[in-house]
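# An overview of the molecular structure
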Protein chains: 2
Amino acid sequence: MPPRGRRPAGGSDTREVILAAAGGLFAEVGFERTTMREVAGRAGVDPALIHHYFVNKDGLLAAALALPVDPARLLAGLDKDPDHAGQAIVRRVLGMWEADPQTRRRLLALMRVGLSHEHAAEVLRDLLGRTILTVVARVVAEDDRPLRAALVGTQMGGLLLGRYLLGIPAVRDATSEQLVVAIGPVVQHYLTGPIGGRAARRSPPKA
Amino acid sequence: MPPRGRRPAGGSDTREVILAAAGGLFAEVGFERTTMREVAGRAGVDPALIHHYFVNKDGLLAAALALPVDPARLLAGLDKDPDHAGQAIVRRVLGMWEADPQTRRRLLALMRVGLSHEHAAEVLRDLLGRTILTVVARVVAEDDRPLRAALVGTQMGGLLLGRYLLGIPAVRDATSEQLVVAIGPVVQHYLTGPIGGRAARRSPPKA
């Protein structure tokens, strides 16, 4: 039996619980001030387990910054139906967040770290920026792709912030499909609509 | 002369510099762990000055949570031209952020605290929620006002996050008017468009 309520080493989500605890502490007190002992305390595990899974604090940060879902795979195939890419993006991203509590804990920890830790913010910004830009590039053929991708980022980031981190009641309590219907056309507008007064030219269909 | 590069007590923005320093520290290490001495160190002022302006740490938190601009005044009169309220909201909010560096520092500190401190998040959520809801109530007469207000909040929050806190290049470097043109129609859509498949009924014009 594990002593005093500590999680057993083989618990299927021990690694995830450690990561969520680390993500929370990195966000609250910063990476420098977080100790392995505090992470262990919050996660309710023996400190030796953290070393077992992540070697050291740098390993923990790297793991905390890794997306639990491959964004390229999540957003694959959107170019096949460019007129509905907006709704599809909202549906798939919310689906990812709501698939299971473990992924959600990880993503929330990732968001907290990304918002508070300069290096983490940079890593996230680049990774998400590249991913969204790749999707946009498949859907539109325009010079203003970076702005379109960034605008999609502002709406999706604001949605995730309001629904999961701040918990604004009306967006927290809406169903995913309500949000797909309400926000999908906005993401679509940013992808292919007239953001600078004119609509985007479409990317030529691939052979 | 102030000793060793410290700001003079009468410096016009001393109070603002202290608030920005406090906001940054509250966000990074949390309210509990922040000491008055650290705030003074970061702000480059004598600790006695903080007591002079804010009495104690609670006073500092209260001041850090106060909006530097009255949101009701900022958003006044939007009901006079409901079809352009979306663009007006984006223009006025960006105008507020960009009016002067002092206000911007304060708002950025406020955002950092709001994203990391549970109590601050709640205060902000309520205050902004009520303000946006008031605007929405003037423009549309619908049961789904809370959802419309929250959707406006997600887009505006995501914009401010991307432009000022994360610094996503394409939204950081865009002009305010570019963003008004690109995002204004989205805010308008959330106010009066078919967010659940149908358009909003307008509020009846006032006598």
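Right, let's walk through the structure included here.

Rules and cut-offs
- Residues numbered from 1 in each chain as written.
- Chains lettered and ligands numbered in written order.
- Predicted model: local features only at pLDDT ≥ 70, side-chain atom pairs only at ≥ 80, totals over all residues.
- Heavy atoms only, no water.
- Helix = DSSP H or I, 4+ residues; strand = E, 2+ residues; numbered from the N terminus.
- Buried < 20%, exposed > 50% of the residue type's maximum accessible area, 1.4 Å probe, protein only.
- Axes fitted to C-alpha atoms, helices over the stretch in contact; angles between N-to-C directions.
- Parallel < 35°, antiparallel > 145°, perpendicular 65-115°, else oblique.
- Left-handed = near helix turned anticlockwise from the far one by under 90°.
- Contact = heavy atoms within 4.5 Å.
- Nonpolar A, V, L, I, M, F, W, Y, C, P; charged D, E, K, R; others polar.
- 1 Å grid on protein atoms, 1.4 Å probe; cavity = no way out; pocket = protein on both sides within 12 Å on 5 of 7 lines; lining within 4 Å.
- Points joined across faces, edges and corners; volume = space filled by probe spheres on them.
- Least-squares fit on C-alpha atoms with pLDDT ≥ 70 in both.
- Salt bridge = Lys/Arg side-chain N within 4 Å of Asp/Glu carboxyl O.
- Buried area = accessible area lost by both parts, 1.4 Å probe.
- Polar contact = N/O pair within 3.5 Å; in protein donor to acceptor, adjacent residues only side chain to side chain.
- Core = buried A, V, L, I, M, F, W, Y, C linked by side-chain atoms within 4.5 Å.
- Expected span 1.5 Å × (residues − 1).
- Phe/Tyr/Trp six-rings, centres within 6.5 Å; stacked < 30°, edge-to-face > 60°.

Moving on, we get to the overall build of chain A. A count of helical and extended segments in chain A gives eleven helices and zero strands. Among the 207 residues that make up chain A, the fraction classed as buried is 50%.

Here we take up the packing of helix α8 (residues 118–139) of chain B against helix α9 (residues 145–165) of chain B. Residues and elements named next belong to chain B. Where α8 meets α9, the closest approach of the two axes is 9 Å, and the angle between their N-to-C directions is 120°. As the angle between them shows, α8 and α9 are arranged oblique. Crossing hand, α8 versus α9: right-handed. Together, I132, L133, V136 and A137 of α8 and R145, P146, R148, A149, V152 and G153 of α9 make up the contact between the two elements. Tallied by class, residues from the contact of α8 with α9 come to seven nonpolar, one polar and two charged.

The next point concerns unusual backbone geometry. In the Ramachandran plot, V55 of chain A falls in the positive-phi region, its phi being about 70° despite a non-glycine side chain. The topology assignment puts V55 of chain A in the loop between α3 (47–54) and α4 (57–65).

What follows covers empty space enclosed by the protein. Residue and element names in this part refer to chain A. This structure, assessed with the given rule, holds one cavity of 30 Å³ or more. If you add up the space inside the largest cavity, you get close to 30 Å³. Together, L19, G23, A64, R106, A109 and L110 line the largest cavity. Looking at the lining of the largest cavity, the elements that each hand over two or more residues are α1 (14–29) and α7 (101–116). The element that contributes the greatest number of residues to the lining of the largest cavity is α7, accounting for three residues.

Right, let's talk about the relation of the copies chain B and chain A for a bit. Expressed as a screw operation, the relation of chain B to chain A combines 0.0 Å of axial shift with a rotation of 180°, fitting to an RMSD of 0.1 Å. Within this description, the copies of the chain are treated as partners about a two-fold rotation axis. When you check the interface residues of chain B against chain A, 97% turn up at the interface there too, and the contact is symmetric in its surfaces.

In this section: the pattern of salt bridges. In total, this model carries 16 salt bridges over all chains according to the counting rule given. A single network of salt bridges, built from pairs that share partners, joins R15, E16 and R106 of chain A.

Bringing the environment of G41 of chain A into the picture now. Residue and element names in this part refer to chain A. Along the chain, G41 turns up in helix α2 (residues 36–43). For G41, a relative accessible area of 56% corresponds to the exposed category. Put simply, G41 and A21 are 20 residues apart on the chain and 8.8 Å apart in space, counted from C-alpha to C-alpha.

It is worth spelling out the interface of chain B and chain A at this point. Interfaces are often sized by the amount of accessible area the parts lose when they come together. In this assembly, 38 residues from chain B lie in contact with 37 residues from chain A. Note on chain B versus chain A: buried area summed over both sides is about 3000 Å², and carbon and sulfur give 64% of it. By the criterion of area lost to chain A, the three top residues of chain B are R33, L115 and T154 of chain B, representing 17% of everything that side buries. Summed over the shared surface of chain B and chain A, the number is two salt bridges. One salt bridge connects E38 of chain B with R33 of chain A, and the closest N-O pair in it is separated by 2.8 Å. Along the contact surface separating chain B from chain A lie seven residue pairs in polar contact (both at pLDDT 80 or more).

On to the nonpolar core, then. Counting residues in each nonpolar core, the largest one holds 137 residues, and the members touching the most others are L60 of chain A together with L60 of chain B. If near-sequence neighbours (up to four positions away) are discounted, L60 of chain B is found in contact with I18, L19, A22, F26, M36, V39, I50 and F54 of chain B.

We now examine helix α1 (residues 14–29) of chain B. Residue and element names in this part refer to chain B. The terminal C-alpha atoms of α1 lie 22 Å apart, and with 16 residues this matches the ideal 22 Å at 1.5 Å per residue to within 8%. Burial analysis of α1 places 14 of its 16 residues in the buried class, the great majority of the element. Positioned one or two residues after α1, G30 has a phi angle of 90°, which is positive.

Applying the stated criterion across every chain, the model contains four aromatic pairs over all chains. Taking 4.3 Å as the distance between ring centres and 5° as the angle between the ring planes, the aromatic pair formed by W97 of chain A and Y164 of chain A counts as stacked. Remark: Y164 of chain A occurs in helix α9 (residues 145–165) and W97 of chain A occurs in helix α6 (residues 85–98); sequence separation between them is 67 residues. Exposure remark for W97 of chain A: the relative accessible area of 3% places this residue in the buried category. Note on Y53 of chain B and F54 of chain B: the rings are 6.1 Å apart at their centroids and 50° apart in plane angle, and the pair reads as tilted. The exposure class of F54 of chain B is buried, given its relative accessible area of 5%.

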